[in-house]
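The primary structure of each chain is shown beneath.
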Amino acid sequence: MTKILQTDEACELFKSIKGKARGALRSLNELRFPDFQKKIHEIKNAIDSAKESDERQEEAMLNDFYVLYRYTDFLIAYSDLWEKLLRHEFSNSWNSLQSALDLLRLIKRFSKVNIEFFESQLIELEKTYPYNVFFSVGATVEKFECSICALDIDSEDCPHIRGELYGGKMACAIARDIIDMNHVSMVSNPEDKRCVVKYEDNGEQFKLVRYLADFISQGNFNISDFGELKFSKKKQLNPEYKKLGRNDCCYCGSGKKFKKCCIPKEYIDNDHIDIVFSPKSIEEAVA
Amino acid sequence: MVVFEPRDICELVAVDDDSAFKNYLGSDPSGFAVVPEKYPDCEGHVLPSGSGDFAKWVKRNAPEIKVQVNKADKHLMLRSGEYWLALVFLASDVTIPVYLNIVANYLYDKMKGTLKGEKDRVHLSAIYEDKKEGVSKRFNFEGDSDSLQKAITKFKLNEFMDD
C-alpha cells in the first residue's frame, strides 16, 4: 500500500488529524465558523507538540511536518473562503480560493494525502467567478536570493532548487534589486490568479457565485454538497425581436428585408448553468 | 470565453549571426550551455528566472550531461504560469531530441502537484550545428508536453530518415 506521507509517524499523526478535520468540516457545514477555528487550532497544537517531541529531526519527518502544516493552512483558507463568500465578499473570497488552491498543489506535490474532493469542488467553484483575464508582470532583477541559504539561487554555490523541500522548508527565490519593470501583460494562464480587474461585490459579474452563496446560506444545501457545474445553452425569447411582415425593412437597421435578415432570430441561445448539489458525507470528503 | 488562446510554435530557422555559437563549439564543449540573450526593451543580456535552477536540475537528474551557465547582465522575472527556458547552445554530443527529452522530464517533475485540468506550457530555443548542411540552426518551440513529445518524435524520425 502506498504511504500517504514519507514516515510512519507522520501517517499516524495524520490519521488523528483527519478525525479532527472531519469534525471541523461538520462545523463548517453548519456554518459555525468559530467552532471550526477552534478545531483547527486543536489540529495545529497536535502538530506543534508532535514536532516539538520529535528528537530525530530527520529530513523525511521534517518534510512531512511541512505537508501537515500546509494541510492545516488549507483548511483555514477553505473556511475563510466560504465565510467571505457567504458574507458576499466575493473579491476577497477569490483571493482565499486561490490560497486554498495553492495549498492543495503543495499537498499534492509532496504527499499522497487524498485531496480529491476539495480539488474537484474548488476547481468547479473557480468557474463561478467572472475572472478569465489576468495581469502578469515582467521585470528584470539583479538576482534571486535563496530563502534557505541566502545565496544566489541560480548559482552553483547554492545547493537548493526552488520549489523543493529541505528539512521541512521550501526553497523559494526572492527577487532582489529590481532593475526595471519591463511590461505588464494580460494573460489567461498567470502564475498568480490574484492579479485581476477588481469588480464591486454587488456587481452583475458575481451573479452566479452570489446565487450559490445564497443557496447555501439559506440552508438549502451544505457546503460539502456543492460539487459540480453543468454548462449548456438554452433557447430564450430574443427581447429585441420584432415581428414584422416578411418584406418589411428589418428592425435591426441593416437595410435588408426582414425575411433576409432577422426573421430566424425570435429565439436565441443563452448560456445556462446548472449548479449541481449532491449530498455527501464528511467521511467521503476527508477520505 | 478564452481571450488569448496561446499558439504552438515548432520551427527551425537559420541563425544569422552564429559567431557566439561558433566560439562555443571552438572550445570543444560537451553537453550544453545556457546562454543569456537580448530581450525586448531590456538593456544587456538576460536569463529568464529559473535558468540556474534548470541547470542544477539537469546536473542532478542527468549527471552524464555537462551543463554550463553563462553569466547574464540581469535576470528576467516573468509572472506568467508558463515555463520560459533560456536559449541553449548544444554541443555535438547532445542532439535536439536528447535535449527535448531532458526538458520533458524537467516539466514532468515541475508539474507534480498540478490540479485537474491544469496544463503545462514551455517556451524554449536551442541552437545546434546541422552537420549535414554545415550550418547553425535555431529551434524555437512553444507548446505543452504533448506537443513537445510530437516534436521529439518528428526529430527522431528525421534522424532515422537521414541515416
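Please read all numbers here as calculations on a predicted model, not as lab measurements. (Residues numbered from 1 in each chain as written. Chains lettered and ligands numbered in written order. Predicted model: local features only at pLDDT ≥ 70, side-chain atom pairs only at ≥ 80, totals over all residues. Heavy atoms only, no water.)

Trainee: Account for the overall build of chain A, naming residues and giving values.
Mentor: If you tally the helices and strands in chain A, you get seven helices and six strands. Taken from the N to the C terminus, the helices and strands of chain A come in the order α-α-α-α-α-β-β-β-β-α-β-β-α. The globule rule puts the C-alpha radius of gyration for 287 residues at 19 Å, and the 25 Å found for chain A is more than 25% above it. Projected onto the principal axes, the alpha-carbon positions of chain A cover approximately 90 × 50 × 35 Å. Buried residues in chain A amount to 43% of all 287 residues. About 15,000 Å² of surface is accessible on chain A, with carbon and sulfur atoms providing 50% of the total. The centroid of the 42 positive side-chain charges in chain A is displaced by 10 Å from the centroid of its 47 negative side-chain charges. (Helix = DSSP H or I, 4+ residues; strand = E, 2+ residues; numbered from the N terminus. Rg over C-alpha atoms; globule rule 2.2 N^0.38 Å. Buried < 20%, exposed > 50% of the residue type's maximum accessible area, 1.4 Å probe, protein only. Areas by Shrake-Rupley, 256 points an atom, 1.4 Å probe, with all protein chains shown as cover. Lys, Arg positive; Asp, Glu negative; His and termini not counted. Charge placed at Lys NZ, Arg CZ, Asp CG, Glu CD.)

Trainee: Report on the sheet that holds strand β1 (residues 134–146) of chain A, specifying residues and quantitative values.
Mentor: Ordered in space as β4(A)-β1(A)-β5(B)-β3(B), the four strands form an open sheet in which the pairing is mixed. Two strands in the sheet have a free side with no partner beyond their single neighbour: β4 (173–187) of chain A together with β3 (46–48) of chain B. Along the sheet, successive strands turn relative to each other by an average axial angle of 30°, direction set aside. Here four bridges tie β1 of chain A to strand β5 (residues 74–78) of chain B, and the two strands are oriented antiparallel to one another. (Pairing = 2+ DSSP bridges. Axes fitted to C-alpha atoms, helices over the stretch in contact; angles between N-to-C directions.)

Trainee: Go over the confidence of the model for chain B with me, naming the residues and quoting the values.
Mentor: Residues shown with low pLDDT carry predicted positions that ought not to be read at fine detail. Summing up the model confidence of chain B, the mean pLDDT is 88 and the portion of residues at 70 or higher is 94%. The element-level mean pLDDT for chain B is lowest in helix α4 (residues 145–162) of chain B, coming to 82, with strand β2 (residues 32–35) of chain B highest at 96. (pLDDT = per-residue confidence, 0-100.)

Trainee: Can you tell me about the pairing of β1 of chain A, naming the residues and giving the values?
Mentor: Sheet topology note: the β1 of chain A/β4 of chain A ladder contains twelve bridges and is antiparallel. Bridging from a neighbouring strand, T140 of chain A pairs with D180 of chain A of β4 of chain A.

Trainee: Can you explain the interface of chain A and chain B? Please cite residues and give values.
Mentor: Listed by partner, the interface residues are 42 residues for chain A and 36 residues for chain B. Inspection of the chain A/chain B interface yields 21 residue pairs in polar contact (both at pLDDT 80 or more). Every element with two or more residues in the side of chain A that touches chain B is listed here: α4 (90–110), α5 (116–126), β1 and β4 of chain A. It is β1 of chain A that contributes the most residues to the side of chain A that touches chain B, nine residues altogether. (Contact = heavy atoms within 4.5 Å. Polar contact = N/O pair within 3.5 Å; in protein donor to acceptor, adjacent residues only side chain to side chain.)

Trainee: Residues and numbers for the domain arrangement of chain A, please.
Mentor: Residues and elements named next belong to chain A. Each assigned domain of chain A is listed here: domain 1 (8–130) and domain 2 (134–187). Put simply, the middle of domain 1 and the middle of domain 2, counted by C-alpha atoms, are 26 Å apart. Overall, the association of domain 1 and domain 2 removes approximately 660 Å² of surface from exposure, summing both partners, and the carbon and sulfur fraction of that is 64%. Scanning the region where domain 1 abuts domain 2 turns up zero salt bridges. Inspection of the region where domain 1 meets domain 2 yields two residue pairs in polar contact (both at pLDDT 80 or more). Only α3 (59–86) and α4 provide two or more residues apiece to the side of domain 1 that touches domain 2. (Domains from an automatic or database assignment. Buried area = accessible area lost by both parts, 1.4 Å probe. Salt bridge = Lys/Arg side-chain N within 4 Å of Asp/Glu carboxyl O.)

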